[in-house]
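Structural overview
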Amino acid sequence: MVNVANDPGPPLRRLPSIPGSGPTIRSILASAALPGAASQIPAEAWERRVFRVAQWSAGHSMDDLANHLVLIARRGEQGSSRVDRATRIDPGRIVPALRDAGVTLLALDRSHPACATWTSAAASAGLPVVVAADAAALERLRLEVLESILDHQRTMLQREDEVHRFLVRIVLAGGSLRELCEALAVFFGGAAIVTTTDGRVLARAGVGTVLEESLALECFDRTGRLIVESEPVGIRIASDRTPPGHDRRALVRIVAGPSDHGLLAVFCPGHELTPTDIHMLERAATVAALAVTKEQAVAAVEGKYRAEFLRDALAERAGTPGEAIEHANSLGWDIDRQMVVVVAETDENDAVTSRDADEVRALQERFVRAWIQAVRARDVTMPVAGFSQEVVALLPVPAGAERESTMRVVADLVRVVRGDGGGGRRSFSAGVSRPTDVARLATAYDEARRAVSVGRQMRGESALTHFDELGIYRLLALVPDSADLRAFVEESLGDLATDDSAENADLRRTLSILIDTNMNVAETARTMFFHYNTLRYRIVKLEKLLGPFTTDPQLRLTLALALKIQEMRGLRQR
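Residues numbered from 1 in each chain as written. Predicted model: local features only at pLDDT ≥ 70, side-chain atom pairs only at ≥ 80, totals over all residues. Heavy atoms only, no water.

1. A few points about unusual backbone geometry
Positive phi, close to 60°, is recorded for E316, a residue that is not glycine. Tracing the sequence through the fold places E316 in the loop between α8 (275–314) and α9 (321–330). One non-glycine residue, M519, adopts positive backbone phi at about 60°. Note that M519 resides in the loop between α15 (502–516) and α16 (521–528). (Helix = DSSP H or I, 4+ residues; strand = E, 2+ residues; numbered from the N terminus.)

2. With respect to the pairing of strand β10 (residues 259–267)
For β10, the buried fraction is high: seven of the nine residues fall into the buried class. Strand direction decides the pairing type here: strand β6 (residues 191–195) and β10, joined by five bridges, are antiparallel. Counterpart to A191 in the pairing with β10 is F267. Where strand β9 (residues 249–256) meets β10, eight bridges bridge the pair, whose relative direction is antiparallel. When the bridges of β10 are listed, L251 appears paired with A265. (Buried < 20%, exposed > 50% of the residue type's maximum accessible area, 1.4 Å probe, protein only. Pairing = 2+ DSSP bridges.)

3. Some remarks on the packing of aromatic side chains
In total, this model carries five aromatic pairs according to the counting rule given. Each ring, one from F309 and one from W333, has its centre 6.4 Å from the other, and the planes form 40°; the classification is tilted. Pair noted here: F309 is in helix α8 and W333 is in the loop between α9 and β11 (339–346), with a separation of 24 residues, a long-range link. By the burial criterion, F309 is buried, and W333 matches it. (Phe/Tyr/Trp six-rings, centres within 6.5 Å; stacked < 30°, edge-to-face > 60°.)

And the structure:
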């Protein structure tokens, strides 16, 4: 009976295990086609598998012989060793090349005129070889191996179709990426991981301890990000640093139409991955694309409502504190506690960028997803949302918490989002407000935004700044024209305003420490490891350049401001 759309279909069950990938050398030598055959097989080669059969001829390419059974037949050689010389077939040169090309097994018949030469060359090269009784036995061997390979391919196609239907039903039944990874981990007998395009892990699962051991490999950075820029798509060849048994991994892209949603990776310490497994993984990736698209659609709707509420709360348009708290609870957030507002903003100005609108939107969405994932990994009740060019998070802090402890927590989040800077991530700066409650969110939001802006001017790109660290820079940042600030520095410091010579920078540092120590000559000398008289000489030199700053408090204030401006890295060029 035909199954219609509303029929439940067969019940879900576990994925089938992975069958062997083609006949092994051991099974080939047990073939009935080889009575009286001789062989020389290295001990470690008995379980190697054959995927294809090829017949060697002069001029045959070595590029496509990996995992092949290569037949050395008399066809085209006319049974003459003189022909061997004429066509320049030299087994001593060809056999090592076949071994290096990944050939699994060499086969020829005893009547071949150069049989002894080929066999000797194979023994020297460590390449497995079997010698059939005659040409007819060699032909029967070829047909039996081909039949075995075709049976295997037919089985694999059936298995792929069964796996594909199984995975699709997981997603259609409401399953998540994690459930998809769990099914693949059991199927491959290892670990399965789904990441974003820049390598941030979205879902993972593993059998036994394989997942933990895989995440400790060199292909993950210290933040747990898969280093996608050095991980090729396909089967990965192990490095010398890879622990034994963990050199088998493969990656495929998760693509839906023109959209690249990330990567699907499997780690298989239990068996060697094959091109057939890659094809299987690619079919699984199409199902993962369906799951990713579904989750992104749901997240987009939820994120829209959450972002609108957070924007209203930061502008004090979310009603009374009680109403705001109740609304936040309905969204899964907790704002009925002491918090700091964290604002993160990319250092690149998207308003004047040369990127097209689609690329800017994709980069901002990736930036927002990175923050949401990092925050939720720490506390799912922490509000976090992305706006046009920034991400805002409300980080809970204990009552009476010191600024240093708060900044350590924020720095941990920043480190996770930033990773090691790979995978196409853009640099960003972050600002942190003073502790607040729900009634003062607007003020705290303004403090965090000010900390981002001024912090970038103070320290350059990738700055992390607390509002209380701004000090005098808060006032300096209010000057709209950077040219005015630069002119003030040049007028106040004269030649010391430039770094044309190392002496200028050294004298400027001396002046800065003198002002910081309130003109305490002894303390300055100890700080700079100078002799007292040496520092006195420098003070005289500074006063000749700048005026009597040691006795004129107004001049000291002017110089102190000029030095602060000089330290600001974010001043716009004229």
